[in-house]
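Here are the chains, one letter per residue:
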Amino acid sequence: MKEQRENLPVALVLGAAVRAGGVASPTLRRRALAGARLWQLGAVRAVMGCGGTGRHGPSEAAVIVALCREAGVPGEALLCEERSATTLENLLYARPLLETLGAREVIVVSDLYHLPRALMVARRAGLVARGHAVPLRGAHPAAQLKAALREIPALGWYALSGKGR
């Protein structure tokens, strides 16, 4: 099975909040489980959790990896990028890990509202990237709306400033 997967892309699961006690926020849980599902379906060769430590530890990436492992993704198919604090850093810090795998193609796993900016940055970083929007089941509508409204100026800022180049 390993040989069958070596030419597949890597799922980059972008981080979200970790709550007190190391509990994944609903957003982080949905993203991690979507990455695990891609692996289970044979769509990716590995899953990389991206995200550093915010207000509460452990790192977002470590929580993503733990959730994927619980969902049945084997340890050898899991990678951890634990330094990033922004979308730009997620992609830039993931790149050296991808290079060691010989992987240039990625599937960026995030919420639908976040994917346009994340994909723009990934492509500017030289990656062949496509997106995978996580299901909204379990999402809080008010939180999703707030995040989507915040994303509009962020996308504009990244586009105009050339972030990721």
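Use the structure listed above.
A brief look at the structure comes next. All figures in this text were calculated on a predicted structure; none of them were measured in a lab.

Turning our eyes to something else, we now look at the nonpolar core. Among the nonpolar cores identified, the biggest contains 24 residues, and Leu-28, Val-44, Val-47, Cys-68, Val-73 and Val-109 are the most heavily contacted of them. Of all the elements in the fold, those that place two or more residues in this core are strand 1 (10–14), helix 2 (26–40), helix 3 (60–70) and strand 6 (105–110). Counting residues per element, this core draws most heavily on helix 2, at 6 residues. Aside from chain neighbours lying at most four places away, what touches Val-47 is Ala-11, Val-13, Gly-35, Trp-39, Cys-68, Ala-77, Leu-78 and Leu-79. Ranked by size, the runner-up nonpolar core spans 21 residues in total, among them Cys-50, Val-106, Val-108 and Val-121.

Further remarks concern the packing of aromatic side chains. If you walk through the whole model with that rule in mind, you get 0 aromatic pairs. The ring of Tyr-93 carries the charged tip of Arg-83 above its face, separated from the ring centre by 3.8 Å.

This part takes up the pattern of salt bridges. Scanning all chains against the criterion turns up 4 salt bridges. Residue Arg-31 pairs with Asp-111 through a salt bridge whose shortest N-O separation is 2.9 Å. Taken together, the positions of Arg-31 in helix 2 and Asp-111 in the loop between strand 6 and helix 5 (115–124) put the pair 80 residues apart, joining distant regions of the chain. For the pair formed by Arg-31 and Asp-111, the shared burial category is buried. Between Glu-105 and Arg-130 there is a salt bridge, with the nearest N and O atoms lying 3.3 Å from each other. With Glu-105 in strand 6 and Arg-130 in strand 7 (residues 128–133), this residue pair connects regions lying 25 residues apart in the sequence. Taking the relative accessible area as the measure of exposure, Arg-130 reaches 42% and is therefore partly exposed.

Rules used in this analysis
- Here the residue index of a chain counts from 1 through its sequence in written order.
- This being a predicted model, a pLDDT of at least 70 is required before a residue's local features are given, and a value of 80 or more before pairs of side-chain atoms are given or counted; all residues contribute to the totals for chains, interfaces and linings.
- Side-chain numbers come from the whole structure's heavy atoms, not from hydrogens or water.
- Nine residue types can take part in a nonpolar core, namely buried Ala, Val, Leu, Ile, Met, Phe, Trp, Tyr and Cys, and a core is a set of them joined through side-chain atoms within 4.5 Å.
- Buried residues are those whose accessible area, probed at 1.4 Å on protein chains only, stays under 20% of the maximum for their type, while exposed residues exceed 50% and partly exposed ones sit between those limits.
- Helix numbers and strand numbers start at the N terminus; a helix is a DSSP run of H or I with at least 4 residues, a strand a run of E with at least 2.
- Here, residues are in contact when the closest pair of their heavy atoms is within 4.5 Å.
- Paired rings are identified among Phe, Tyr and Trp, the last through its six-membered ring, by centres lying within 6.5 Å, and are further divided according to the angle between planes into stacked (under 30 degrees), edge-to-face (over 60) and tilted (the rest).
- In this scheme, the term charge over a ring applies when either NZ of a lysine or CZ of an arginine sits within 6 Å of the ring centre and within 35 degrees of the ring normal.
- Salt bridges are counted wherever a side-chain nitrogen of Lys or Arg sits within 4 Å of a carboxyl oxygen of Asp or Glu.

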